[in-house]
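Read off the chains here:
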Amino acid sequence: MPVWVEAGLWGLLSGSALLVGAAVAWLLPVPRQVVAGVMAFGAGVLISALAFDLVDEAEVSGGLGPTALGLSVGAVLYVGANLVLARRGARHRKRTRQPTEAQAPGSGAAIAIGALLDGVPESVVLGLTLLEGGAVSAAVLAAIVISNVPEGLSSAAGWKRSGRSASYVFGVWGAIAVASGLSGALGCLLLAGAAAGTLAVITALAAGAILAMVADTMIPEAFDEAHLFTGLLCTAGFILAFTISRW
């Protein structure tokens, strides 16, 4: 199987976790504290995978300078795009409390674009782990899947409460899952044969965007409901991902 096809399938799989979370939220009355707790756990998993897998690998293959540059640029790009979307009603897209379309016209489209902004760097990173190591990173894959389930769950619960339809909720997450697969495949196609330094910078750039996303959206949502348990659950997720990376 071509590497780019494999990358696309892994991206589709990780993106499909959003649909799983959305389905759970749509069918079951999941308490907000549970959603927040899983979100905190997922944030810890992502932070660990970034630190011990992605950023470490980028520094080893590309050096400290390019890695730091990539992280900085990725964070700046994400935060800049997120600020634009926040002004259009997507500030709390991962939260269980979200505005209706009447309260914030255009927020539905902004939320959908924001979800895409969150998902693309993750899928690109999955594809890059295939190019760099010949096999997808189990720690990174687990981190993305574990973090995507509560993201889909939390957002879908908020959308449902704000009056958005099932076709809208599952249409958005289905489209994001497909886009995740395409992002993974395109990342491999465009970067196949690239120098190790180039791959390191791109990996660090995506990692910077993901880290900014965790700090800007996941941890605030978790703390909003879980409060004092956020740090404990985040640490538990960190330990799990660290353990997986060392197997």
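Residues numbered from 1 in each chain as written. Predicted model: local features only at pLDDT ≥ 70, side-chain atom pairs only at ≥ 80, totals over all residues. Heavy atoms only, no water.

This part is about the overall build of the protein chain. In terms of regular secondary structure, the protein chain is built from 8 helices and 0 strands. In the protein chain, the order of α-helices and β-strands from amino to carboxyl end is α-α-α-α-α-α-α-α. Counting every position in the protein chain, which comprises 247 residues, the buried fraction comes to 49%. Look at the contacts in the protein chain between residues 6 or more apart in sequence, and 85% of them connect residues 24 or more apart. Counting only carbon and sulfur atoms, one obtains 74% of the accessible surface of the protein chain, whose full area is about 10400 Å². (Helix = DSSP H or I, 4+ residues; strand = E, 2+ residues; numbered from the N terminus. Buried < 20%, exposed > 50% of the residue type's maximum accessible area, 1.4 Å probe, protein only. Contact = heavy atoms within 4.5 Å. Areas by Shrake-Rupley, 256 points an atom, 1.4 Å probe, with all protein chains shown as cover.)

A contiguous nonpolar patch, built from Met-1, Trp-4, Leu-9, Leu-12, Val-178, Leu-182, Leu-186, Leu-189 and Leu-190 and spanning about 940 Å² of accessible area, is present on the exposed surface. Those elements giving two or more residues to the nonpolar patch turn out to be helix 1 (3–27) and helix 6 (166–191). At 5 residues, the largest contribution of residues to the nonpolar patch is made by helix 6. Structurally, the position occupied by Leu-9 is in helix 1. (Patch = residues over 30% accessible without salt bridge, like charges linked within 9 Å, V, L, I, M, F, W, Y side chains within 5 Å. Salt bridge = Lys/Arg side-chain N within 4 Å of Asp/Glu carboxyl O.)

Turning our attention to the nonpolar core. Judged by nonpolar contacts, the single largest core of 30 residues is most densely connected at Leu-46, Ile-210 and Met-218. Contributing elements (two or more residues each) for this core: helix 2 (32–62), helix 4 (107–133), helix 5 (138–161), helix 7 (196–226) and helix 8 (230–245). Among the elements that make up this core, the one with the highest residue count is helix 7 (9 residues). Not counting residues within four places of it along the chain, the set of residues in contact with Ile-210 comprises Leu-46, Leu-50, Pro-121, Glu-122 and Val-125. One finds Leu-18, Ala-25, Ala-115 and Val-172 within the second-largest nonpolar core, a separate group that totals 15 residues. (Core = buried A, V, L, I, M, F, W, Y, C linked by side-chain atoms within 4.5 Å.)

Time to look at the packing of helix 5 against helix 8. Orientation of helix 5 relative to helix 8, taken along the N-to-C sense of each, is 150°, at an axis distance of 8 Å. Relative to helix 8, the element helix 5 lies roughly antiparallel. Seen from above, helix 5 lies across helix 8 with right-handed handedness. Contacts from Ala-138, Ala-139, Ala-142 and Ile-146 in helix 5 reach Leu-240, Ala-241, Ile-244 and Ser-245 in helix 8. (Axes fitted to C-alpha atoms, helices over the stretch in contact; angles between N-to-C directions. Parallel < 35°, antiparallel > 145°, perpendicular 65-115°, else oblique. Left-handed = near helix turned anticlockwise from the far one by under 90°.)

What follows covers the side chain of Asn-148. The topology assignment puts Asn-148 in helix 5. On the basis of relative accessibility, which here comes to 3%, the residue Asn-148 falls in the buried class. Within the structure, Asn-148 has its side chain in polar contact with the backbone oxygen of Ser-14 (distance 2.8 Å). When sequence neighbours within four positions are dropped, the list of residues in contact with Asn-148 reads Ser-14, Gly-15, Ala-17, Leu-18 and Glu-122. (Polar contact = N/O pair within 3.5 Å; in protein donor to acceptor, adjacent residues only side chain to side chain.)

Our focus in this paragraph is the packing of aromatic side chains. Going through the model one piece at a time under the given rule, you end up with 3 aromatic pairs. A ring pair is formed by Trp-26 and Phe-170, whose centres lie 6.1 Å apart and whose planes are at 70°; its orientation type is edge-to-face. Linking Trp-26 in helix 1 with Phe-170 in helix 6, this pair joins segments that are 144 residues apart in sequence. Residue Phe-170 is classed as partly exposed on the basis of its relative accessible area, which comes to 27%. The structure contains a cluster of three or more aromatic residues connected by ring pairs, namely Phe-52, Phe-238 and Phe-242. Positioned above the aromatic ring of Trp-26, the side-chain terminus of Lys-160 is 5.2 Å from the ring centre. (Phe/Tyr/Trp six-rings, centres within 6.5 Å; stacked < 30°, edge-to-face > 60°. Lys NZ or Arg CZ within 6 Å of the ring centre and 35° of its normal.)

At their nearest, the axes of helix 2 and helix 8 sit 6 Å apart, and the two run at 40° to each other. One finds that helix 2 runs oblique with respect to helix 8. Classified by chirality, the crossing of helix 8 by helix 2 is right-handed. For the pair helix 2 and helix 8, the contacting residues are Gly-37, Ala-40, Phe-41, Ala-43, Gly-44, Val-45, Ile-47, Ser-48, Ala-49 and Phe-52 in the first and Thr-230, Leu-233, Cys-234, Ala-236, Gly-237, Phe-238, Leu-240, Ala-241, Phe-242 and Ser-245 in the second.

As annotated in UniProt, the feature "transmembrane region" (unreviewed entry) corresponds to residues 7–27, 34–52, 64–85, 124–146, 166–192, 199–220 and 226–244 in the numbering used here. For the annotated span residues 7–27, helix accounts for 100% and strand for 0% of the residues, and the straight-line distance between the end C-alpha atoms is 31 Å. In this annotation, residues 199–220 is assigned 100% helix and 0% strand; the end-to-end C-alpha distance for the span is 31 Å. (UniProt positions renumbered as here; feature names shortened; annotations may be inferred.)

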